[in-house]
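Listed here are the chains, written in short residue letters.
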Amino acid sequence: MTVDSSAARQPRRSAAGKAGTTGSKTGAAGTKSGATGAGSQATGTKRTSTTAAHATRAKKTTEPELVQLLTPEGKRVKNAEYDAYVAGITPEELRGLYRDMVLTRRFDAEATALQRQGELGLWASLLGQEAAQIGSGRALRADDYVFPTYREHGVAWCRDVDPTNLLGMFRGVNNGGWDPNSNNFHLYTIVIGSQTLHATGYAMGVAKDGADSAVIAYFGDGASSQGDVAESFTFSAVYNAPVVFFCQNNQWAISEPTEKQTRVPLYQRAQGFGFPGVRVDGNDVLACLAVTKWALERARSGEGPTLVEAYTYRMGAHTTSDDPTRYRGDEERLAWEAKDPILRLRRYLEASNHTDEGFFAELEAESEALGKRVREAVRAMPDPDHFAIFENVYADGHALVDEERAQFAAYQASFADAEGGH
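Residues numbered from 1 in each chain as written. Predicted model: local features only at pLDDT ≥ 70, side-chain atom pairs only at ≥ 80, totals over all residues. Heavy atoms only, no water.

### Considering the pattern of salt bridges
Inference 1: This model, assessed by the stated rule, comprises 24 salt bridges.
Inference 2: Where salt bridges share partners, they join Arg106, Glu110, Glu368 and Arg375 into one cluster. (Salt bridge = Lys/Arg side-chain N within 4 Å of Asp/Glu carboxyl O.)

Written out as structure tokens, the structure reads:
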């Protein structure tokens, strides 16, 4: 369901250039208040039941619909607004989307294992979010620019960033590992939400240059509470910047559920800033591809920003330093496993006779080869320089930094002394 604000600078146009449809309004109308005397028990009961009815209606009207083209069972469903954006997709391209998701998941699993083995300092898994990232990533043109967080491994794959380059930062041996301008894929951003401002500024520059390209910024549901995100919404709307805000709502901001982040569905926040928002099934790679294509075309045609909320689920931990069993139950995870994005597309491919067992067998072999390559590449990387953190803090050095370096050196030496004692 798409929601457009009447305050938008320009009307939304569909692929044919016509004004797009506006989604249903959300929120129940408030009850009229009036002065009343001492009410009888019947009146009180009526008022209570009326309030409950309004609450029920409010819940129903604010419950959003998902843009969905593939059901969890792998059945194709029609969508009058977004079907056109995937109408020409070929069986080969569908197999390509499946391959992207499988290989991204395999890489992610290998990285998690490497962290557990002490080869990486930390890892942020994307398990369960493959469709949101591959679908949106494959919607991009080569000249579009991406501003990721630290979990967009699937988007990096779509931008031809070598997976092993992603791991250097998590091993502590580089500050990113790739040239952003080579793939129009910015370095990973650790500061929560700040990349949305970077994307907005870049998009404003694109508009001033008159370039026919768009910018996309990725962030999570937790980051949506950051002031940087609100500021980027304001600037992008006022300056009609060609930017797509792609929020992967994986239901948990570390241990905080979405209902503690917002009183309304996240995509509806766009209304207050004057641009459209849409919620898409984040486990449906076709829907993510279609909706992102639509949003990028809006941006390129001068219609300004769009907020896409990909409604998905983080199957694993927030990072490898997190224990999700402390704040969520197995029932929730099992319910989302039934909506697995990879299994969903596989069911569709098999039901449509778009592939055979040979394809899956070859992909399994390719997947294992990728895991081996990543494992060997990481183990061949140098050990992190423990003292690099103290370098380049100040241009001319600083007495306090020197003191801290000496303290850290003594701390490191204590381990060697302990080992020698044994």
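There's plenty left to go through after this.
### Describing unusual backbone geometry
Inference 1: For Asp160, which is not glycine, the phi dihedral falls at a positive 65°.
Inference 2: Tracing the backbone shows Asp160 in the loop between α4 (153-158) and α5 (163-171).
Inference 3: Overall, Asp160 belongs to the exposed group, its relative accessible area being 63%. (Helix = DSSP H or I, 4+ residues; strand = E, 2+ residues; numbered from the N terminus. Buried < 20%, exposed > 50% of the residue type's maximum accessible area, 1.4 Å probe, protein only.)

### A look at the packing of aromatic side chains
Inference 1: Overall, the coordinates contain 28 aromatic pairs when judged by the stated rule.
Inference 2: Both rings, one in Tyr411 and one in Phe415, keep their centres 5.0 Å apart while their planes meet at 80°; by these two values the pair is edge-to-face. Remark: Phe415 and Tyr411 occur in helix α13 (residues 399-421); sequence separation between them is 4 residues, near one turn of the helix.
Inference 3: Classification of Phe415 by relative accessible area gives partly exposed; the value is 42%.
Inference 4: Put simply, the rings of Phe107, Trp123, Phe170, Trp178, Phe185 and Tyr188 touch in pairs and so form one group of aromatic residues.
Inference 5: Between Lys339 and the ring centre of Trp336, over which it is positioned, the NZ or CZ distance is 4.2 Å.
Inference 6: Above the ring of Phe360, the side-chain terminus of Arg346 is found at 3.6 Å from the ring centroid. (Phe/Tyr/Trp six-rings, centres within 6.5 Å; stacked < 30°, edge-to-face > 60°. Lys NZ or Arg CZ within 6 Å of the ring centre and 35° of its normal.)

### Focus: the nonpolar core
Inference 1: Core analysis: the largest hydrophobic core is formed by 67 residues, its most contacted members being Tyr98, Leu167 and Leu345.
Inference 2: Top element by residues in this core is helix α9 (residues 285-300). It accounts for 11 residues.
Inference 3: Aside from chain neighbours lying at most four places away, what touches Tyr98 is Ile342, Leu345, Arg346, Leu349, Phe359, Phe360 and Leu363.
Inference 4: If you look at the next biggest cluster of nonpolar residues, it comprises 21 residues, including Phe147, Ala203, Val206 and Val229. (Core = buried A, V, L, I, M, F, W, Y, C linked by side-chain atoms within 4.5 Å. Contact = heavy atoms within 4.5 Å.)

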